[in-house]
Structures are given as C-alpha cells and as structure tokens.
Amino acid sequence: MIKSKKDLSYFLKEDLKNFKNRNIISLWFRGSEGFVIVSFIRCLRHYEYYYNLRERGVFGTLKLHFWRFFYRHAQLKYSLFIGPNVAGPGLNLMHPGFRHLMKVGRIGKNCTILPMVLVGKKEPNTDSVMEMGDNCYISTGATILTPVKIGNNVIIGAGAVVTKDIPDNCVVAGVPAKIISKRV
C-alpha cells in the first residue's frame, strides 16, 4: 500500500523497470504500445497515493480528484480495470488489452498479467476474496473466480479457469484449472 512519496517512488520504479524508456512523451511520439501501459500505471499509482492519504487538506483533495479523473479516463480508454491497492510493486502488464482486476483481492509483488484476464466472483453480492502470491504469471484469457488463494511462483495457462486454491510453485491449465506440473 502506498502511504508516502517514498513508497510512490518505489512502486513506480518497480512497476516500470521492464521499460527501458519510461518517458511518456518519447513513448507517445514513437507510437509505442508501452505508452498505454506506462501512462496507466503512473495514473494508477498516483491515484493510490492520494487515495490512501489520511490528511489531505484542500490541495490534497484537489490532487485526489485530478488523479481520479485521469485514472478513470485511462481505465475506460485502455480497458485496463485494476482497482486501487490491488496490485503490489512490480506489476507487469505485458501488452495493452482488456484486464479486469477490481477490488476483489490482493496481487503480490512482481506479477505479470497478460491481456484478457478476468478476476470475478462465483456468486454475486458476496464478499469473496482472491489472494495471489509473489512472482505469478497469468496468461492470456485466464479467468479467476473468487474465493481462491493462489500461491507464490504460479503460472496460470492461457484460457484457464481457476476455481480452486493453487499451492506454491505450480503450473496450472485447463477448464477448470488443474495442476499440470510442479516448478522446481
């Protein structure tokens, strides 16, 4: 959770370490697909910072609304729906494309999420939660239905539907997702 400017700087540094060029203007002029991801992550992290501030004051409240506006605009424009305080540092969004990871859980450090990933609830109007460990890789088209707990160092295959808990160091695939191998 981002609570200070130092935390904000750390999260941004970890999130954007996969991009050699983090300059938004340069990415935009070159027409890079990285522009979408970098601009969204910057909006998300700044919004999280002002969202978590306890004592905002007048200027803090204005900045909260400013970043909320750009965060919401980026969500709608790029179809990247990742709720505040959901993803840990080192979030890696490989390519632009639809992702829906709203406030239903917590994603650990250094997780990679490819396009067309959906995290949803099995039953509507319940308080089910998804917990994901560190260093996880979610392939294209995966669906995760809460409540579920995913361990550390897990790879979820393309098109998999995860409905049950997954232990650490596993590779899962299929509908419903089953463990196909253990990682060493």
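For the structure itself, look to the data block above.
This structure is a prediction, so every number in the text was calculated from the model and none was measured. (Residues numbered from 1 in each chain as written. Predicted model: local features only at pLDDT ≥ 70, side-chain atom pairs only at ≥ 80, totals over all residues. Heavy atoms only, no water.)

1. Remarks on the pattern of salt bridges
Considering all chains together, one arrives at three salt bridges under this definition. A salt bridge links Glu14 to Lys17; the shortest N-O distance between them is 3.1 Å. In this structure Glu14 comes out as buried when scored by relative accessible area, which is 15%. Residue Asp15 is joined to Arg45 by a salt bridge in which the shortest nitrogen-to-oxygen separation is 2.5 Å. (Salt bridge = Lys/Arg side-chain N within 4 Å of Asp/Glu carboxyl O. Buried < 20%, exposed > 50% of the residue type's maximum accessible area, 1.4 Å probe, protein only.)

2. Topic: the state of the cysteines
As enumerated under the stated definition, the model contains zero disulfides in all. We note that Cys170 lacks a disulfide partner, and the nearest cysteine sulfur, in Cys136, lies 10 Å from it. Its relative accessible area of 0% is what places Cys170 among the buried residues. (Disulfide = S-S within 2.5 Å.)

3. Things to note about the pairing of strand β9 (residues 143-146)
Where strand β6 (residues 117-121) and β9 come together, four bridges link them in parallel fashion. Bridge pairing links Leu118 to Thr143 in β9. Relative to strand β12 (residues 161-162), β9 is paired through two bridges, and the arrangement is parallel. When the bridges of β12 are listed, Ile144 appears paired with Val162. (Pairing = 2+ DSSP bridges. Helix = DSSP H or I, 4+ residues; strand = E, 2+ residues; numbered from the N terminus.)

4. Focus on a positive patch on the surface
Side chains of Lys3, Arg54, Arg56, Arg68 and Lys103 sit close together on the surface and give a patch of like positive charge. Its place among the elements puts Lys103 in the loop between β3 (99-101) and β4 (105-107). (Patch = residues over 30% accessible without salt bridge, like charges linked within 9 Å, V, L, I, M, F, W, Y side chains within 5 Å. Areas by Shrake-Rupley, 256 points an atom, 1.4 Å probe, with all protein chains shown as cover. Lys, Arg positive; Asp, Glu negative; His and termini not counted. Charge placed at Lys NZ, Arg CZ, Asp CG, Glu CD.)

5. Some details on the nonpolar core
Most often, soluble globular proteins have nonpolar side chains that are buried together. Core analysis: the largest hydrophobic core is formed by 50 residues, its most contacted members being Phe40, Met132, Ile144, Ile150 and Ile156. Looking at this core, the elements with two or more residues in it are α1 (5-15), α3 (34-52), α4 (57-78), β1 (80-82), β6, β7 (130-132), β10 (148-150) and β13 (170-173). Sort the elements by how many residues they give to this core and α3 lands first, with 11 residues. Apart from residues no more than four positions distant in its own chain, Ile144 is found in contact with Leu118, Val119, Gly120, Met130, Met132, Ile138, Ile150, Ile156 and Val162. (Core = buried A, V, L, I, M, F, W, Y, C linked by side-chain atoms within 4.5 Å. Contact = heavy atoms within 4.5 Å.)

6. What to know about a nonpolar patch on the surface
Among the surface-exposed residues, Val58, Phe59 and Leu62 lie close enough to one another that they form a single nonpolar patch of about 370 Å² accessible area. Here Leu62 lies in helix α4.

7. Describing the sheet that holds β12
Strand order in the open sheet formed by five strands is β1-β3-β6-β9-β12, with parallel pairing between adjacent strands. Strands with a single pairing partner mark the edges of an open sheet, and in this sheet they are β1 and β12.

8. Let's talk about the environment of Pro84
With respect to the secondary-structure elements, Pro84 resides in the loop between β1 and β2 (92-93). As for Pro84 and Arg45, which are separated by 39 residues in sequence, their C-alpha atoms are 7.9 Å apart.

9. Structural notes on α3
Spanning 19 residues, α3 covers 27 Å between terminal C-alpha atoms, matching the ideal 27 Å at 1.5 Å per step. Burial of α3 is extensive: 17 of the 19 residues sit out of reach of the surface. (Expected span 1.5 Å × (residues − 1).)

10. Observations regarding the environment of Gly157
The topology assignment puts Gly157 in the loop between β11 (155-156) and β12. Between the alpha carbons of Gly157 and Tyr47 there is a distance of 31 Å; along the sequence they are 110 residues apart. Residues within four places of Gly157 in sequence aside, it is in contact with Ser139, Ala142, Val172 and Ala173.

11. Some words on the packing of α1 against α3
Contact geometry for α1 and α3: axes closest at 10 Å, N-to-C directions at 160°. By the criterion of interaxial angle, the relationship of α1 to α3 is roughly antiparallel. Along this stretch, α1 crosses α3, giving a crossing that reads as right-handed. For the pair α1 and α3, contact is made by Lys5, Leu8, Phe11, Leu12 and Asp15 and by Ile41, Arg42, Arg45, His46, Tyr49 and Tyr50, respectively. Classifying every residue of the contact of α1 with α3 gives six nonpolar, one polar and four charged. (Axes fitted to C-alpha atoms, helices over the stretch in contact; angles between N-to-C directions. Parallel < 35°, antiparallel > 145°, perpendicular 65-115°, else oblique. Left-handed = near helix turned anticlockwise from the far one by under 90°. Nonpolar A, V, L, I, M, F, W, Y, C, P; charged D, E, K, R; others polar.)

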